[in-house]
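As a plain string of letters, each chain reads:
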Amino acid sequence: MRVISALFSLLMPGVGQIYNGQIKKGVLLLVIEHFDNMVGKINRSIQLDFNGFHQEALATVIYDAMLFYPGFYVYTVWDAWFYAKEGADKGKTAIPFIIGGFLGEFGAIFASKLPFPTLICGLLMIIPMLIGMVIFRNQ
């Protein structure tokens, strides 16, 4: 089921691919995700931000690695969602995911100006993806 596959990738990039039976791709994406997360200190920053330590979260994150993450994250969700359906139309189904990637990237760039940086960046990515899954659920 497409939604399950996408939700798995929303939780952990690469798991949706494993759910789809794309084991090698899923493991590779998991390794990339964990490497980028560790190098960028992304999870630590998320934990700090969600607990009200916004400035410490911004000071903790390594931007060189973090700026890679929104596009990668959105791609893994789209890939899991797209490949969960035989004969899906690749063209326009990616547009909401691309929008989510760009919005997440801009959110990350301007994180220091946002009240809850990681929450807002996450929502900037996730909301367009969910809208795209609803709009293109039959394609």
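Conventions we followed
Residues numbered from 1 in each chain as written. Predicted model: local features only at pLDDT ≥ 70, side-chain atom pairs only at ≥ 80, totals over all residues. Heavy atoms only, no water. Salt bridge = Lys/Arg side-chain N within 4 Å of Asp/Glu carboxyl O. Helix = DSSP H or I, 4+ residues; strand = E, 2+ residues; numbered from the N terminus. Buried < 20%, exposed > 50% of the residue type's maximum accessible area, 1.4 Å probe, protein only. Phe/Tyr/Trp six-rings, centres within 6.5 Å; stacked < 30°, edge-to-face > 60°. Lys NZ or Arg CZ within 6 Å of the ring centre and 35° of its normal.

### Description of the pattern of salt bridges
Line of reasoning, step 1. Applying the stated criterion across every chain, the model contains one salt bridge.
Line of reasoning, step 2. Between Lys 25 and Asp 79 there is a salt bridge, with the nearest N and O atoms lying 3.0 Å from each other. With Lys 25 in helix H3 (residues 23-40) and Asp 79 in helix H7 (residues 69-83), this pair connects stretches of sequence that are 54 residues apart.
Line of reasoning, step 3. Assessed through its relative accessible area of 0%, Asp 79 is described here as buried.

### Examining the packing of aromatic side chains
Line of reasoning, step 1. This model, assessed by the stated rule, comprises nine aromatic pairs.
Line of reasoning, step 2. Judged by centre distance (5.0 Å) and plane angle (15 degrees), the rings of Trp 78 and Phe 82 are stacked. A residue pair is termed a helical-turn pair when its members lie 3 or 4 positions apart in one helix, as Trp 78 and Phe 82 do in helix H7 at four residues. Comparing Trp 78 with Phe 82 shows no difference in burial state: the two are buried.
Line of reasoning, step 3. Through pairs of rings, three or more aromatic residues link up here, namely Phe 68, Tyr 69, Phe 72 and Tyr 73.
Line of reasoning, step 4. The lysine or arginine in question, Arg 2, covers the ring of Trp 81, its NZ or CZ lying 3.7 Å from the ring centre.
Line of reasoning, step 5. The ring of Tyr 83 has Lys 25 sitting right over it, with the charged end atom 4.5 Å from the ring centre.

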